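Listed below are the residues making up each chain.
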Amino acid sequence: MLKHLLSLTWNKKKQNFLLMLVIFLSFLGLFAGFTFVLYPYNNYKIPLGLETENIWVVNFEGGDEIKNMDSLQVIRQSIKTSLLSNNQIEDVTFSSMNVPFSGSGFSAGMKYNGKEIWGQSYIVEDNYAKLLGVKVLEGRWFSTDDKVSKDKPVVINEELKNKLFDGEEAVGKIVTSDASTRMKIVGVVTTFKDLSEFEEPGPGFFHRMDTSNMRNYIAMMIKVKPGTDATFESSVFKTLSNNMKNTIIEIEHLTDMMTAKNKTMRVPFILFVVIASF
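Residues numbered from 1 in each chain as written. Predicted model: local features only at pLDDT ≥ 70, side-chain atom pairs only at ≥ 80, totals over all residues. Heavy atoms only, no water.

1. Notes on the overall build of the chain
The secondary structure content of the chain amounts to 7 helices and 11 strands. The 278 residues of the chain split such that 39% are buried. Looking at the chain alone, contacts between residues at least 24 apart form 78% of all its contacts between residues at least 6 apart. (Helix = DSSP H or I, 4+ residues; strand = E, 2+ residues; numbered from the N terminus. Buried < 20%, exposed > 50% of the residue type's maximum accessible area, 1.4 Å probe, protein only. Contact = heavy atoms within 4.5 Å.)

2. Some points on the pattern of salt bridges
Throughout the structure, instances matching the rule amount to 9 salt bridges. The salt bridge partner of Arg 182 is Asp 151, with a shortest N-O separation of 3.1 Å. Here Asp 151 lies in the loop between strand E5 (136–139) and strand E6 (152–157) and Arg 182 lies in strand E8 (residues 182–189), a separation of 31 residues in the sequence. Overall, the relative accessible area of 46% leaves Arg 182 in the partly exposed class. The salt bridge involving Glu 159 is made with Lys 163; its shortest N-O contact spans 3.6 Å. In this pair, Glu 159 and Lys 163 both sit in helix H5 (residues 158–165), 4 residues apart, roughly one turn of the helix. Exposure remark for Glu 159: the relative accessible area of 21% places this residue in the partly exposed category. (Salt bridge = Lys/Arg side-chain N within 4 Å of Asp/Glu carboxyl O.)

3. A closer look at the pairing of strand E3 (residues 107–112)
Taken together, the 6 bridges between E3 and strand E4 (residues 115–124) define a ladder with antiparallel strand orientation. Directly across from Lys 111, in E4, lies its bridge partner Glu 116. Linkage of E3 to E4, two consecutive antiparallel strands, is achieved through a turn of 2 residues, within which Asn 113 is found at a positive phi near 55 degrees. Bridging between E3 and strand E7 (residues 174–177) involves 2 bridges; their strand directions are antiparallel. When the sheet's bridge partners are listed, Met 110 is paired in E7 with Ser 177. (Pairing = 2+ DSSP bridges.)

4. A look at the environment of Tyr 39
Here Tyr 39 lies in helix H2 (residues 13–44). Separated by 161 residues in the primary sequence, Tyr 39 and Glu 200 place their C-alpha atoms 9.0 Å from one another.

5. Comments concerning a nonpolar patch on the surface
A cluster of nonpolar side chains, contributed by Phe 17, Leu 18, Met 20, Leu 21, Val 22, Phe 24, Leu 25, Phe 27, Leu 28 and Phe 31, occupies part of the molecular surface with about 1,000 Å² of accessible area. Position of Phe 27 among the secondary structure elements: in helix H2. (Patch = residues over 30% accessible without salt bridge, like charges linked within 9 Å, V, L, I, M, F, W, Y side chains within 5 Å. Areas by Shrake-Rupley, 256 points an atom, 1.4 Å probe, with all protein chains shown as cover.)

6. Side note on the packing of aromatic side chains
How two aromatic rings sit relative to each other is given by the distance of their centres and the angle of their planes. Tallied over the full model, the rule gives 10 aromatic pairs. By the ring-pair criterion, three or more aromatic residues cluster together here, those being Tyr 122, Tyr 128, Trp 141, Phe 142, Phe 192 and Phe 206. Geometry around Phe 94 places Arg 76 over its ring, the cationic atom sitting 5.3 Å from the centre. (Phe/Tyr/Trp six-rings, centres within 6.5 Å; stacked < 30°, edge-to-face > 60°. Lys NZ or Arg CZ within 6 Å of the ring centre and 35° of its normal.)

7. Points about the confidence of the model for the chain
If pLDDT is low for a region, its predicted coordinates should not be looked at in detail. With 87% of its residues at a pLDDT of 70 or more, the chain shows a mean pLDDT of 86. Highest mean pLDDT in the chain belongs to helix H4 (residues 128–132) (97); lowest belongs to helix H1 (residues 2–11) (66). (pLDDT = per-residue confidence, 0-100.)

8. Here we look at the nonpolar core
Grouped together as the largest cluster of nonpolar side chains are 25 residues, with contacts concentrated most on Tyr 128, Leu 132, Trp 141, Phe 206 and Met 221. Elements that contribute at least two residues to this core include exactly strand E1 (55–62), E4, H4, E8, strand E10 (219–224) and helix H7 (254–277). Contact partners of Phe 206, with chain neighbours within four places excluded, come to Tyr 122, Val 124, Tyr 128, Trp 141, Phe 142, Pro 153, Val 154, Val 155, Val 189 and Phe 192. Counting residues in each nonpolar core, the second largest holds 18 residues, with Ile 89, Val 92, Val 236 and Leu 240 among its members. (Core = buried A, V, L, I, M, F, W, Y, C linked by side-chain atoms within 4.5 Å.)

9. Some words on the side chain of Asp 151
On the basis of relative accessible area, Asp 151 is assigned to the buried category, the value being 14%. At 3.1 Å, the side chain of Asp 151 and the side chain of Arg 182 are in polar contact. Non-local contacts of Asp 151, meaning those with residues more than four positions away in its chain, are made with Ile 174, Arg 182, Met 183 and Lys 184. (Polar contact = N/O pair within 3.5 Å; in protein donor to acceptor, adjacent residues only side chain to side chain.)

10. So, the environment of Ala 129
As for its placement among the helices and strands, Ala 129 is situated in helix H4. On the accessibility criterion, Ala 129 (6% relative accessible area) is buried. Contact partners of Ala 129, with chain neighbours within four places excluded, come to Val 134 and Trp 141.

11. Things to note about unusual backbone geometry
Its identity as a non-glycine residue notwithstanding, Asn 54 has a phi of 60 degrees, on the positive side. Tracing the sequence through the fold places Asn 54 in the loop between H2 and E1. Taking relative accessible area as the criterion, Asn 54 reaches 27% and is therefore assigned partly exposed. The backbone of Phe 101 sits at a positive phi, close to 65 degrees, despite the residue not being glycine. Here Phe 101 is to be found in the loop between strand E2 (89–95) and E3. On the accessibility criterion, Phe 101 (2% relative accessible area) is buried.

Here you go:
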């Protein structure tokens, strides 16, 4: 029966050409659509690698220019102390502006034995990993002992380790940046997703914040206790405004930032599914 139908179709191939072309194009559309959907779905199944609940992100814009880095460090420490004096706040950390789900990024290269891998570069404080719940897999995270290190300490994520060292041990290795700065790897952490839950996490490495790199890195993350409401958020805003004159301050919730990024990523999937369905 099937052979007979195929013979009839072939014998009338000129009349059926348009029909076969439509079926072929429909197959390509379905194949492309489902491939496009499966890729982000597989990424979604990868563990997030960090915590988002009860974490607020504070962005600063403008403010008085402070030339002395020691003075800037004192002011920021004063802000942290003031915030931590409130029992509804568990932890506070400053970092570069490329906090998770912010959309900001700072790419840089890392070299070892003539091989170079590019990834996200983060400037962080000693409590950054603890606040976000990032797990250390090998070695350690930064500490105050790193102030007197001969080579600048750096922590890399697992993805960068796999691509740069091909299965070798990474802790203790000396690497260089694109500016030829010598750095010593002191730890390896889990690779976390900071673009959206649907995007594949990539290579990244972390520098310890100090007076040489803290001027332009003005994002802050605050971990609050569960159940903290909008009333307390107003109190935090007031505290920051009193300490940072002439500064535009914006407070966002990390869970809301992640949700917004996920919505942006879902729009193309929905369009492809609709087209594939037709």
